[in-house]
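# Architecture at a glance
So the chains spell out like this:
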Amino acid sequence: MSPHQITVLGECVADAFTEPAKAPNELALRVLPGGGPANTAVSLARLGTKARFLARLSEDVFGRLFRAHLTESGVDLSDAVKASEPSTLAVAELDAQGRAAFSFHAQNTADWQWAAVELAGADLSESACVHTGSLALVREPGAAAVEEFLAAAAPRATVSIDPNVRPLLVRPEVYRDRLPHWCRIADILRLSDEDLELLLPGTSLEQACDTWHAAGVRLVVITRGGDGALASLDGERVEVPAVAAKVVDTVGAGDSFTAGLLHHLAARGVLGGRLTDLRLADVEEACRFAARVASLTCSVAGPNPPWRHELTRPAAADRA
């Protein structure tokens with residue numbers, strides 16, 4: 001068990017997957033708790049890191065599902081807001097490789113209504129790291145309050161950001177315009193190669209890392225699905241291969257990778273500041289662990305990250 005708490009801020013979304021219908025002209029959906037930040041918090045807690053989740057959780061049927069899921073996974077919800085607005089719904093369509101394309105039902109939902117007063121009382125005294133990203137940083141009206149919260153947390157905690165670009169909800173240029181500011185606040189930037197193509201089209205991984213280092217972030221990790229990950233620490237780089245898995249779908253894999261990375265760094269005691277004691281060998285080891293966590297997430301349906309005891313199973317083995 002890592003002694004260091006990680007605080008995660010962001011949305012919890014109802015991920016709906018199509019299932020065979022019982023009658024013609026009928027659509028059957030299986031709903032699972034999802035959302036990038038929530039997936040990361042769940043994965044951290046299941047790995048053994050003390051994870052606190054700052055979220056605005058609706059009191060509707062989905063919100064009750066979220067609370068049960070997060071609590072059963074060991075996530076601390078003591079600072080979560082009970083919101084009157086409805087939950088966000090995302091309907092997923094999977095391609096032949098198990099990659100999901102989402103359509104969102106997110107107008108005026110609970111996740112984006114942050115006010116500064118709701119975040120002001122959050123206790124970060126025991127948090128070595130604050131992680132956020134996805135839509136929390138770009139959806140109005142709450143985005144500005146979230147950015148202010150990160151800036152206030154940065155002097156005493158490592159800040160980690162995963163942009164998780166969602167072009168159907170927010171134009172990529174909104175992320176692109178805000179990213180240099182995030183890099184000035186953040187110590188860790190984790191994103192996918194798909195995010196990279198939306199943020200800096202036609203830019204190589206190495207050029208992108210150099211651009212974001214120049215903007216202020218020390219550690220950049222770009223995941224590439226089955227091609228593994230590239231990590232860059234102040235310009236020193238290492239490539240880490242993916243771990244083979246029987247892929248059911250890739251939903252939540254990137255979030256699990258982020259959790260594995262942060263969990264491993266926390267366990268090594270390097271979080272809690274500006275990563276001044278971090279070395280490239282530490283990053284490589286953390287990324288290898290994170291790839292293992294992500295592979296197990298891919299082996300089951302939906303955003304269902306592994307528990308700590310499942311890490312001892314063969315990588316390609318099926319999970320229940």
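See the structure above.
Structural notes, computed from the coordinates.

### Observations concerning the packing of aromatic side chains
Within the structure shown, the criterion is met by 1 aromatic pair. Plain terms: the ring middles of Y175 and W182 are 6.5 Å apart, the flat faces sit at 85° to each other, and that makes the pair edge-to-face. Judged by relative accessible area, W182 falls into the buried class, the value being 2%.

### Re the pattern of salt bridges
With the rule as written, the count across this model stands at 13 salt bridges. Ionic pairing is found between R190 and D162, a salt bridge with its closest N-O pair at 2.9 Å. Highlighted residues: R190 in strand β11 (residues 188–192) and D162 in strand β10 (residues 158–162), separated in sequence by 28 residues. The partner of D210 in a salt bridge is R237, and the shortest N-O contact between them spans 3.0 Å. Separated by 27 residues along the polypeptide, D210 in helix α7 (residues 205–215) and R237 in strand β14 (residues 236–240) bring together distant segments of the chain.

### Some remarks on α7
Every buried residue of α7 is listed here: L205, A208, C209, W212 and H213. Buried residues of α7 fall within an arc of 135° about the axis and therefore sit on the same side. In this fold, the buried residues of α7 make contact with α5 (172–185), β11, α6 (193–199), β12 (219–223), β13 (229–233) and β14.

### Brief notes about α5
Taking 1.5 Å as the rise per residue, α5 with 14 residues should run 20 Å; its terminal C-alpha atoms sit 20 Å apart, in good agreement. At L179, α5 is deflected by roughly 40°, the largest bend along its length, and proline P180 occurs up to four residues later in sequence. Among the residues making up α5, those that are buried are P172, Y175, L179, W182, C183 and I185. Looking at the buried side of α5, the elements it contacts are α4 (143–153), β10, β11, α6 and α7.

Thresholds, definitions, all that
- Residues numbered from 1 in each chain as written.
- Predicted model: local features only at pLDDT ≥ 70, side-chain atom pairs only at ≥ 80, totals over all residues.
- Heavy atoms only, no water.
- Phe/Tyr/Trp six-rings, centres within 6.5 Å; stacked < 30°, edge-to-face > 60°.
- Buried < 20%, exposed > 50% of the residue type's maximum accessible area, 1.4 Å probe, protein only.
- Salt bridge = Lys/Arg side-chain N within 4 Å of Asp/Glu carboxyl O.
- Helix = DSSP H or I, 4+ residues; strand = E, 2+ residues; numbered from the N terminus.
- Arc of directions from axis to C-beta.
- Contact = heavy atoms within 4.5 Å.
- Expected span 1.5 Å × (residues − 1).
- Bend = angle between axes of the 7 residues up to and from the residue.

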